[in-house]
Amino acid sequence: MFDRDPLVNRSGLSGLKHLWVGRAAVWTAALVWQAGGIVIVGRAETPSSPANGSGSWGNAVYVNLNIGDTLPYLGKSVTLLGVTNNIVTVSVDGKTCTLAVAQLTLPAVINGVRVFVADTRPVAALTTDEEYPLVHAALTGDALLCLSDLARPLLDPDRFTFPISRDDGFCWSMAENSHMFAYLRPQRSHEGIDIDLTPARGKEIHALVAIEDGTVRWVEHGQPPEACLLLESESQPGLYYIYQHLNRDKVFVQPGQSVKRGDRLAYTCGDWRWGHLHFSVVGAGGQPEYADRYRYLLNCFPQLAELWHGSLAIETPVRTSGKFRFAN
Ligand SMILES: [Zn+2]
């Protein structure tokens, strides 16, 4: 059933005009109330402006802030104090905390507000890869923060599930180095999260499943034997999930097909060298085409960690490579 709570209660937002503080446009407070109680991007006063690239997912909102901006949230004041490379200094009602962009980093709790850094302008500036030049399009301010109410999970467990079946022994170690925006080679900003499926290479185990109820929008073939799938959220139309590195001979759904949370979508492909699910969340910009599917990515590591562990009261491994490499 749809949650009909008032918007302000659902997401804890107030002062809505402050949500969208990107430099490209002044945003109205005309946020769209969607089934499932989700806030999505409002309408810009400048019609030619694209969707500003931030938005929400589940119980969290993604907000762009410039240094010095203050955003009312849950009755408190969230202020962006500084951004240096991938490090952000933020305060909530005067309590200050320093956070790194979430790769294997979990949210902090600052005066009751759960905060993680989805992206920063210096991190985005590192990307010069011509293949996916707009990976960081959700970022329109100095930093993109993800805010949520500590009293609620990031994703409700009765609506979402981890995107790999847990029925046959899959275990996510989080030991991969290719997390969100990790720089795997010069200029490339990794466009999602790789979840290791080494034991599933060439086998029909560890099925990839629907993270929530939704509709398959397309299934595209990349380099053989691969396929890639786009799933649109039912609870939040306009939000999409990308499943990449599927075995094209083991895809069980068709474009236009409705699926329920946990439904089997496909098995992954892979050979003796590699095999993993590349998973991404696209939060704005309308339905992406295959060619530029990574345009409006939302950093989604904390949500996946929460889905896997059932909470965020965990420790994550130390990442040894795939780090940002800044000149200064
Ligand atoms: Zn990947």
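Residues numbered from 1 in each chain as written. Predicted model: local features only at pLDDT ≥ 70, side-chain atom pairs only at ≥ 80, totals over all residues. Heavy atoms only, no water.

Draft legend 1. Main features of unusual backbone geometry. The step from proline 224 to proline 225 runs through a cis peptide bond, and the omega angle for that step is 5 degrees. Among the secondary structure elements, proline 225 is positioned in the loop between β14 (214–221) and β15 (226–233). Its identity is not glycine, yet leucine 74 carries a phi of approximately 55 degrees, on the positive side. Here leucine 74 shows up in the loop between β5 (70–73) and β6 (76–84). (Helix = DSSP H or I, 4+ residues; strand = E, 2+ residues; numbered from the N terminus.)

Draft legend 2. Highlighting the sheet that holds strand β11 (residues 143–149). Sheet architecture is open: five strands sit in the order β3-β4-β11-β10-β9, paired in antiparallel fashion. Looking along the sheet, the strands with just one partner apiece sit at the ends: β3 (55–57) and β9 (108–110). The average undirected angle you get between the axes of adjacent strands in this sheet is 35 degrees. The pairing of strand β10 (residues 113–120) with β11 spans seven bridges and is classified as antiparallel. Note that in β11 the partner of valine 113 across the bridge is aspartate 149. (Pairing = 2+ DSSP bridges. Axes fitted to C-alpha atoms, helices over the stretch in contact; angles between N-to-C directions.)

Draft legend 3. Quick look at the coordination of the zinc ion. In this structure, His190 (NE2), Asp194 (OD), Asp194 (OD) and His278 (ND1) serve as the protein donors to the zinc ion, at separations of 2.1 to 2.8 Å. Around the zinc ion, the four donor atoms are arranged such that angles at the metal cover 51 to 146 degrees; this shape is classified as irregular. Mapping the donors of the zinc ion onto the primary sequence yields the spacing H-x3-D-x83-H. Of the residues examined, histidine 190 reaches a relative accessible area of 2% and is grouped as buried. (Donors = N, O, S within 2.8 Å, 3.2 Å for Na, K, Ca; no water. Tetrahedral: all angles 85-135°; square planar, octahedral: opposite > 155°, others 65-115°. Buried < 20%, exposed > 50% of the residue type's maximum accessible area, 1.4 Å probe, protein only.)

Draft legend 4. Structural view of the pairing of β5. Covered by surrounding structure in β5 are Leu71 and Tyr73 only, the residues Thr70 and Pro72 on the alternate face being uncovered. Taken together, the four bridges between β5 and β6 define a ladder with antiparallel strand orientation. By the bridge assignment for β6, tyrosine 73 is matched with lysine 76. Between β5 and β6, which follow one another and run antiparallel, lie two residues, and leucine 74 among them has a positive phi close to 55 degrees.

Draft legend 5. Up close: the nonpolar core. Ranked by size, the top nonpolar core spans 90 residues in total, and within it Trp57, Leu145, Leu147, Tyr241, Tyr243 and Leu304 carry the most contacts. If sequence neighbours within four positions are ignored, tryptophan 57 has contacts with Tyr62, Leu154, Leu155, Phe160, Ile211, Gln236, Leu239, Tyr241, Val281, Cys300 and Gln303. (Core = buried A, V, L, I, M, F, W, Y, C linked by side-chain atoms within 4.5 Å. Contact = heavy atoms within 4.5 Å.)

Draft legend 6. Up close: the environment of valine 135. Turning to its location among the elements, valine 135 is positioned in the loop between α2 (121–125) and β11. Once residues within four sequence positions are removed from consideration, valine 135 is found in contact with Phe181, Ser189, Glu191, Tyr294, Arg295 and Leu297.

Draft legend 7. Geometry of the pattern of salt bridges. Under the criterion given, the structure shown has five salt bridges. For aspartate 142, the salt bridge identified is with arginine 121, shortest N-O distance 3.1 Å. In this pair, aspartate 142 sits in the loop between α2 and β11 while arginine 121 sits in helix α2, placing the two residues 21 residues apart along the sequence. Overall, the relative accessible area of 10% leaves aspartate 142 in the buried class. You can call arginine 121 partly exposed: its relative accessible area is 33%. Two residues, arginine 217 and glutamate 232, come together in a salt bridge whose shortest N-O distance is 2.6 Å. Of this pair, arginine 217 sits in strand β14 while glutamate 232 sits in strand β15, placing them 15 residues apart in sequence. Exposure remark for arginine 217: the relative accessible area of 32% places this residue in the partly exposed category. (Salt bridge = Lys/Arg side-chain N within 4 Å of Asp/Glu carboxyl O.)

Draft legend 8. Representation of the environment of arginine 293 within the structure. On the secondary structure map, arginine 293 appears in the loop between β19 (276–282) and α3 (301–309). For arginine 293, a relative accessible area of 3% translates into the label buried. In this structure, the C-alpha to C-alpha distance between arginine 293 and isoleucine 242, residues 51 residues apart in sequence, is 8.0 Å. Within the structure, the side chain of arginine 293 is placed 3.0 Å from the side chain of glutamine 244, a separation counted as a polar contact. (Polar contact = N/O pair within 3.5 Å; in protein donor to acceptor, adjacent residues only side chain to side chain.)

Draft legend 9. Layout of the packing of aromatic side chains. All told, the structure shown has twelve aromatic pairs when counted by the stated rule. Judged by centre distance (5.9 Å) and plane angle (55 degrees), the ring pair of tryptophan 57 and tyrosine 241 falls under tilted. Here tyrosine 241 lies in strand β16 (residues 240–251) and tryptophan 57 lies in strand β3, a separation of 184 residues in the sequence. Residue tryptophan 57 is classed as buried on the basis of its relative accessible area of 1%. Plain terms: the ring middles of tyrosine 62 and phenylalanine 116 are 6.1 Å apart, the flat faces sit at 85 degrees to each other, and that makes the pair edge-to-face. Within this pair, whereas tyrosine 62 is found in strand β4 (residues 60–65), its partner phenylalanine 116 is found in strand β10, the two being separated by 54 residues in sequence. Exposure remark for tyrosine 62: the relative accessible area of 0% places this residue in the buried category. Residue classification places phenylalanine 116 among the buried residues on the basis of a relative accessible area of 3%. Through a chain of ring-to-ring contacts, the aromatic side chains of Trp57, Phe160, Tyr241, Tyr243 and Phe279 assemble into a single cluster. If you follow arginine 166 out to its NZ or CZ, it ends over the ring of tryptophan 308, 3.8 Å from the centre. Directly above the aromatic system of tyrosine 290 lies the positively charged group of arginine 293, at a separation of 4.1 Å from the ring centroid. (Phe/Tyr/Trp six-rings, centres within 6.5 Å; stacked < 30°, edge-to-face > 60°. Lys NZ or Arg CZ within 6 Å of the ring centre and 35° of its normal.)

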